[in-house]
Amino acid sequence: MSNIAIEFNNVGKMYRLGRVGTGTLSHDLNRWWTTNILRKEDPYLKIGETNDRSKKGHSDYVWALRDISFKVEQGDVVGIIGKNGAGKSTLLKLLSRITSPTTGSIRYQGRIASLLEVGTGFHPEMTGRENIYMNGSIMGMTKKEITRKLDEIVDFAGVERYLDTPVKRYSSGMTVRLGFAVAAFLEPEILVVDEVLTVGDAEFQKKAIGKMQDVSKGEGRTVLFVSHNMAAVKNLCTRGVVLQDGQLAFDGTTDDAVGYYLNNNFQVEKGLITDHIDELASYIKVDKIEINGTPYTESTITSNQEYLEVLFEGTTTEPFKANVQLKFFNQSEVPMATYSEGTYKGIMDDVPIGKFSLYRKIRLPRYLGKGDYVLEFEVNHKQNGIHRFLWAKRCANIHVDGSTNQFGSPLISRWEGFLGLESY
């Protein structure tokens, strides 16, 4: 393990749903007798099911992680990608020794600093200053070493005024800023960061990602980073690992890993757009939704296309004022454009009781970047907050052939993309 910072060997973690232990005395005794006296494999490992949270299983035992094997070299910045429930946080908790693996082993070299949840490792009754010293001591640092880093930690976290105040009085944003600063500045060989950074504001997130880049590139330390922000993963990480239902689905370059994840999770399944409605007012019945002239989730915008049509037909038992909204997201889940003239221009439809039809003809930009996009469709009323009548978070895939620039070269999405859309 000369240059290997972390090594996962057939790591698995199994839980019994809704129980501590196996849930019954007979199961606990059977497990103890089989594993400790007979020295055989845990009998309940064989009946554990894959952790697909969207489906009802037949067993109370599930594998949060199963047969995870990969190595991380010193200085690597690895993005751990996957849907909620894929096993990302469990993997980091095993590495941080918050819990133990059911099977397999984890080997690592150096000190690990973890930021997994707001307030990880902090005692609420102790002040920020006391918690800094306590965390440094746990990591094996001397008081002199911690004192040398104290000013940097406090300045980065921006909590100087509250440094001698008990952490229980900190906001979640203050707590996570201080937690990240402690984890990053106390010179760990391995820095483990979960999605918790999203608690901070945009300015802090930018600072945190910059610090992680310094830690990895400038100081040669190893970083494991969990995030649903694919743009941040691409910007920060040198490698990506995709987890799916507790198993290792992909391990490769960051771009390939993000592409694999988005192609398998972000795109909308083929079918009708109406199959992908997430919210609908109780008094509205949907008859038809068409985008780009089709009721199906797959369509194309050609290079010479000037507009996009949206049609929503249905029946309502209550009248309402409707703003039609359409959002375009790229494959990194970054919003590229929004059509919402009810918000920008006050253009609303008065929808009476009975059958109704909402139609929009949306002008496309003159030069359109090539790429694949996912659409979000919403009918709402934005006044004193947002009231949604219909919301289809991911309802259609749009492939854009793309225009050409004045020199005849194809435009690609990172140059142009979508911008300010209006009615035709």
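Each value, and the rule that gives it
Residues numbered from 1 in each chain as written. Predicted model: local features only at pLDDT ≥ 70, side-chain atom pairs only at ≥ 80, totals over all residues. Heavy atoms only, no water. Helix = DSSP H or I, 4+ residues; strand = E, 2+ residues; numbered from the N terminus. Buried < 20%, exposed > 50% of the residue type's maximum accessible area, 1.4 Å probe, protein only. Contact = heavy atoms within 4.5 Å. Areas by Shrake-Rupley, 256 points an atom, 1.4 Å probe, with all protein chains shown as cover. Pairing = 2+ DSSP bridges. Expected span 1.5 Å × (residues − 1). Arc of directions from axis to C-beta. Axes fitted to C-alpha atoms, helices over the stretch in contact; angles between N-to-C directions. Left-handed = near helix turned anticlockwise from the far one by under 90°. Nonpolar A, V, L, I, M, F, W, Y, C, P; charged D, E, K, R; others polar. Salt bridge = Lys/Arg side-chain N within 4 Å of Asp/Glu carboxyl O. Polar contact = N/O pair within 3.5 Å; in protein donor to acceptor, adjacent residues only side chain to side chain. Phe/Tyr/Trp six-rings, centres within 6.5 Å; stacked < 30°, edge-to-face > 60°. Lys NZ or Arg CZ within 6 Å of the ring centre and 35° of its normal. Core = buried A, V, L, I, M, F, W, Y, C linked by side-chain atoms within 4.5 Å.

K.L.:
Kindly report on the overall build of the chain, identifying the contributing residues and their values.
P.N.:
Counting its regular elements, the chain contains nine helices and 21 strands. Burial analysis of the chain (424 residues in total) assigns 46% to the buried set. Long-range pairs, those at least 24 residues apart, make up 70% of the contacts in the chain between residues at least 6 apart in sequence. On the chain, roughly 21400 Å² of surface is accessible, and the fraction owed to carbon and sulfur atoms is 47%.

K.L.:
So what's going on with the environment of Arg107? Which residues, and what values?
P.N.:
Among the secondary structure elements, Arg107 is positioned in strand S5 (residues 103-108). Measuring from C-alpha to C-alpha, the distance between Arg107 and Phe8 comes to 6.7 Å, with 99 residues separating the pair along the chain.

K.L.:
Provide a residue-level description of the pairing of strand S10 (residues 247-252), including the pertinent values.
P.N.:
Pairing between strand S9 (residues 239-244) and S10: five bridges, direction antiparallel. Bridging from a neighbouring strand, Gly240 pairs with Gly252 of S10. Where S9 hands over to S10, the hairpin turn is made up of two residues, of which Asp245 adopts a positive phi near 50°.

K.L.:
Lay out helix H6 (residues 202-218) in plain terms, naming residues and giving numbers.
P.N.:
Helix length check: H6 (17 residues) gives 23 Å between terminal C-alpha atoms against 24 Å at 1.5 Å per residue, within 8%. Among all positions of H6, only Phe204, Ala208, Ile209, Lys211, Met212, Val215 and Ser216 are buried. Taken down its axis, H6 places every buried residue within 160° of arc, on the same side. For H6, the exposed residues lying more than 90 degrees away from the buried face are Ala202, Glu203, Lys206, Lys217 and Gly218. Those residues of H6 that are buried are in contact with strand S4 (77-81), helix H4 (143-157), helix H5 (172-185), strand S7 (190-193), strand S8 (222-226) and helix H7 (230-236). Looking one or two residues past H6, Gly220 carries a phi angle of roughly 70°, positive in sign.

K.L.:
Lay out the sheet that holds S4 with the relevant residues and their values.
P.N.:
Reading across from one edge, S6-S7-S8-S4-S9-S10 is the order of the six strands in this open sheet, with mixed pairing throughout. Of all strands in the sheet, those with a lone pairing partner are strand S6 (112-115) and S10, marking the two edges. Neighbouring strand axes in the sheet, compared pairwise and without regard to direction, differ in orientation by 15° on average. Two elements, S4 and S8, share four bridges in a ladder whose sense is parallel. Bridge pairing in S8 links Ile80 to Val226. Across the face of the sheet, helix H2 (residues 88-95) comes into contact with S4, S6, S7, S8 and S9 while running at roughly 150° to S8.

K.L.:
So what's going on with the packing of H4 against H5? Residues and values would help.
P.N.:
It is the contact of H4 with H5, at a shortest axis distance of 8 Å, that shows an interaxial angle of 145°. As for the relative orientation of H4 and H5, their crossing is right-handed in sense. Residue-level inspection shows Lys149, Glu152, Ile153, Phe156 and Ala157 of H4 in contact with H5, the latter providing Arg177, Leu178, Phe180, Ala181, Val182 and Phe185. Residue composition of the contact of H4 with H5, grouped by class: eight nonpolar, no polar and three charged.

K.L.:
Can you explain the pattern of salt bridges? Please cite residues and give values.
P.N.:
Proximity of charged atoms lets side chains of opposite charge pair with each other. Summed over all chains, the structure comprises 16 salt bridges. Residues Lys355 and Asp287 are paired through a salt bridge, measuring 3.8 Å at the closest nitrogen-oxygen approach. Within this pair, whereas Lys355 is found in strand S18 (residues 354-363), its partner Asp287 is found in strand S12 (residues 284-291), the two being separated by 68 residues in sequence. For Lys355, a relative accessible area of 68% puts it in the exposed group. The residue Glu378 makes a salt bridge to Arg388 at a minimum N-O spacing of 3.1 Å. Residue Glu378 is found in strand S19 (residues 371-382), and its partner Arg388 is found in strand S20 (residues 386-400); the two are separated by ten residues along the sequence. Arg388 gets classed as partly exposed once you look at its relative accessible area, which sits at 33%.

K.L.:
Give a description of the environment of Asp401 that names residues and reports values.
P.N.:
Here Asp401 shows up in the loop between S20 and strand S21 (422-423). Overall, Asp401 belongs to the partly exposed group, its relative accessible area being 35%. Distance from Asp401 to Gln305, taken between C-alpha atoms, is 9.7 Å for residues 96 residues apart in sequence. Residues contacting Asp401, with those up to four places away along its chain left out, are Thr300, Ile301, Thr302, Ser303 and Lys370. One polar contact links Asp401 to His399, side chain to side chain, over a distance of 3.4 Å.

K.L.:
Which residues make up H5, and what values go with them?
P.N.:
Between the first and last C-alpha of H5 there are 20 Å, a value that for 14 residues agrees with the 20 Å anticipated at 1.5 Å per step. With respect to burial, H5 is a largely interior element, 13 of its 14 residues being buried. Once H5 finishes, Glu187 follows within two positions and takes phi at roughly 55°, a positive value.

K.L.:
Please give an account of the packing of aromatic side chains that cites residues and values.
P.N.:
Scanning the model with the defined rule gives ten aromatic pairs in all. For the ring pair Phe312 and Phe356, a centre distance of 5.3 Å and an interplane angle of 80° mean the geometry is edge-to-face. A residue pair is termed long-range when its members are at least 10 positions apart, and Phe312 in strand S14 (residues 307-316) and Phe356 in strand S18 qualify at 44 residues. When its relative accessible area of 1% is taken as the criterion, Phe312 is described as buried. Above the ring of Phe185, the side-chain terminus of Lys211 is found at 4.1 Å from the ring centroid. The ring of Trp391 is capped by Arg388, whose NZ or CZ atom sits 3.8 Å from the centre of that ring.

K.L.:
Outline the nonpolar core, supporting the account with residue identities and numerical values.
P.N.:
Counting 50 residues, the largest nonpolar core has Ile132, Leu178, Phe180, Leu197, Met212 and Phe225 as the members making the most contacts within it. Here the element with the most residues in this core is H5; it accounts for nine residues. Leaving out residues up to four positions away in the same chain, Ile132 has contacts with Ile146, Leu150, Ile153, Val154, Leu163, Leu178, Val182 and Leu186. Counting 35 residues, the second-largest nonpolar core is a separate cluster that includes Ile301, Ala337, Tyr339 and Phe377.

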